[in-house]
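Each chain, written out:
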Amino acid sequence: MPSPEPSIFREKALKKYFRKQEQNVVLRLITPPVFACFWVILLVFCAGGALAWSIHVPVSVTGQGIVAQQAMGNSSQEHEVVAVLFFPPNEQAHLHVGQPVNLQIGPQGSSVTSSVQQVNTTLISPEEARSRFNLQGGLAQVIIGPSVQVTVAIHPLASARVYVGSVCAASIQTGSQSILSLLPGINYFIQ
């Protein structure tokens, strides 16, 4: 019988090799500094989400109208200058007396801040609005469908009389919402 060939490796080296093979090896996927960095990033995202949840932005509806004179009380001699605004019927539930209004009057865009004085609950047709407010030319194009009529007082009265008959655009703040609700799809989960 042939004798086994001598190994080119030393006996001591082979034993050491086999001992290391039998030991359990713990696999290290990430180092401790990277692991800590992931926790810091997670905390920053959570803090940013909490901050975004707490920040609210105003919600407003926009409409157009005209500047007109309206009799004050029972006296037909005293008039006040008001903006008569027209909004689509679906916005009626959001409009209430006392809400803040930003008006842009005329083509130059003179800005006036006021509040809603009156909200009419009955809808007004375009034809009725044209006849009631004597709308002609470009002013007649302001109302194109059934509308909710909102009245806003314009102050100071002395300078407001100059704008009677002008077209105005208005933005009425109706509430506020979380900034997170502006992200697509998030609004579904917030409500």
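Look up: the structure comes first, before these words.
Calculation notes
Per-chain numbering applies: the sequence of each chain, read as written, is numbered from 1 onward. Selection of residues for local features in this predicted model requires a pLDDT of at least 70, selection of side-chain atom pairs for listing and counting requires 80 or more, and totals for whole chains, interfaces and linings are taken over all residues. Note that the side-chain values use all heavy atoms of the structure and ignore hydrogens as well as water. Per the convention used, a helix needs a DSSP run of H or I reaching at least four residues, while a strand needs a run of E reaching at least two, with both numbered from the N terminus. Only protein chains enter the accessibility calculation, which uses a 1.4 Å probe; a residue whose area is less than 20% of its type maximum is buried, one above 50% is exposed, and one in between is partly exposed. The criterion used for residue contact is that any of the two residues' heavy atoms lie within 4.5 Å. Accessible surface area values rest on a Shrake-Rupley calculation with a 1.4 Å probe, where residue burial reflects the displayed protein chains alone. One side-chain nitrogen of Lys or Arg within 4 Å of one carboxyl oxygen of Asp or Glu is enough to make a salt bridge. Classification of ring pairs uses Phe, Tyr and Trp, with its six-membered ring standing for Trp, and accepts pairs whose centres are within 6.5 Å; under 30 degrees between planes counts as stacked, over 60 as edge-to-face, and the remaining range as tilted. We call a set of buried Ala, Val, Leu, Ile, Met, Phe, Trp, Tyr and Cys residues a nonpolar core when their side-chain atoms join them within 4.5 Å. The criterion for strand pairing is that DSSP finds at least two bridges linking the strands in question. In this analysis, axes come from line fits to C-alpha atoms, helices being fitted only over the stretch in contact, and the angle between any two N-to-C directions falls in the range 0 to 180 degrees.

Asker: Explain the overall build of the chain to me, and be specific about the residues and the numbers.
Answerer: Along its length, the chain carries five helices and six strands. In the chain, the succession of helices and strands from N to C terminus is α-α-β-β-β-β-α-β-α-β-α. Taken over 191 residues, the chain has a buried fraction of 27%. Summarising the internal contacts of the chain: among those between residues at least 6 apart in sequence, 69% fall at separations of at least 24. Roughly 13,600 Å² of accessible area belongs to the chain as shown, and the carbon and sulfur atoms make up 61% of that amount.

Asker: Quick one: what's the story with the pattern of salt bridges, residue by residue and with numbers?
Answerer: Evaluated as defined, the whole model comprises one salt bridge. For Glu 128, the salt bridge is made with Arg 132, and the minimal N-O distance between the two is 2.6 Å. Linking Glu 128 with Arg 132, this pair stays in helix 3 (residues 126-132), spanning four residues, or about one helical turn. Glu 128 gets classed as partly exposed once you look at its relative accessible area, which sits at 34%.

Asker: Run through the packing of aromatic side chains, naming residues and quoting values.
Answerer: Throughout the structure, instances matching the rule amount to two aromatic pairs. Both rings, one in Tyr 17 and one in Phe 18, keep their centres 5.6 Å apart while their planes meet at 65°; by these two values the pair is edge-to-face. A relative accessible area of 48% places Tyr 17 in the partly exposed class. By relative accessible area, which is 47% here, Phe 18 ends up partly exposed. Relative to Trp 39, the ring of Phe 35 has its centre 6.4 Å away and its plane inclined at 85°; by these criteria the two rings are edge-to-face. Here Trp 39 and Phe 35 lie together in helix 2 (residues 32-54), a separation of four residues that amounts to about one turn. According to the relative accessible area criterion, Phe 35 is partly exposed, its value standing at 45%.

Asker: Describe the nonpolar core, with residues and values.
Answerer: In terms of nonpolar packing, the biggest core is built from 19 residues, with Leu 85, Val 101, Leu 103, Val 150, Ile 154 and Ile 172 touching the most fellow members. Among the secondary structure elements, those contributing two or more residues to this core are strand 1 (56-71), strand 2 (79-87), strand 3 (100-105), strand 4 (110-124), strand 5 (147-153) and strand 6 (167-178). Among the elements that line this core, the one with the most residues is strand 2, at four residues. Among the nonpolar cores identified, the runner-up in size contains twelve residues, and Ile 66, Val 84, Ala 129 and Leu 135 belong to it.

Asker: Break down the pairing of strand 6 for me, citing the residues and quoting the values.
Answerer: Here eleven bridges tie strand 1 to strand 6, and the two strands are oriented antiparallel to one another. Directly across from Val 57, in strand 6, lies its bridge partner Gln 177. Pairing geometry for strand 3 and strand 6, over five bridges, is antiparallel. Bridging from a neighbouring strand, Ile 105 pairs with Cys 168 of strand 6.

Asker: Give a description of the sheet that holds strand 3 that names residues and reports values.
Answerer: Either a parallel or an antiparallel arrangement is found when strands of a sheet pair, and the pairing is made through backbone hydrogen bonds. Read around the closed barrel, six strands run 1-2-5-4-3-6, paired in antiparallel fashion. When the angles between neighbouring strand axes are averaged without regard to direction, this sheet yields 40°. Relative to strand 2, strand 1 is paired through eight bridges, and the arrangement is antiparallel. Note that in strand 2 the partner of Ile 66 across the bridge is Val 84.

Read these as geometric descriptors, not functional statements.
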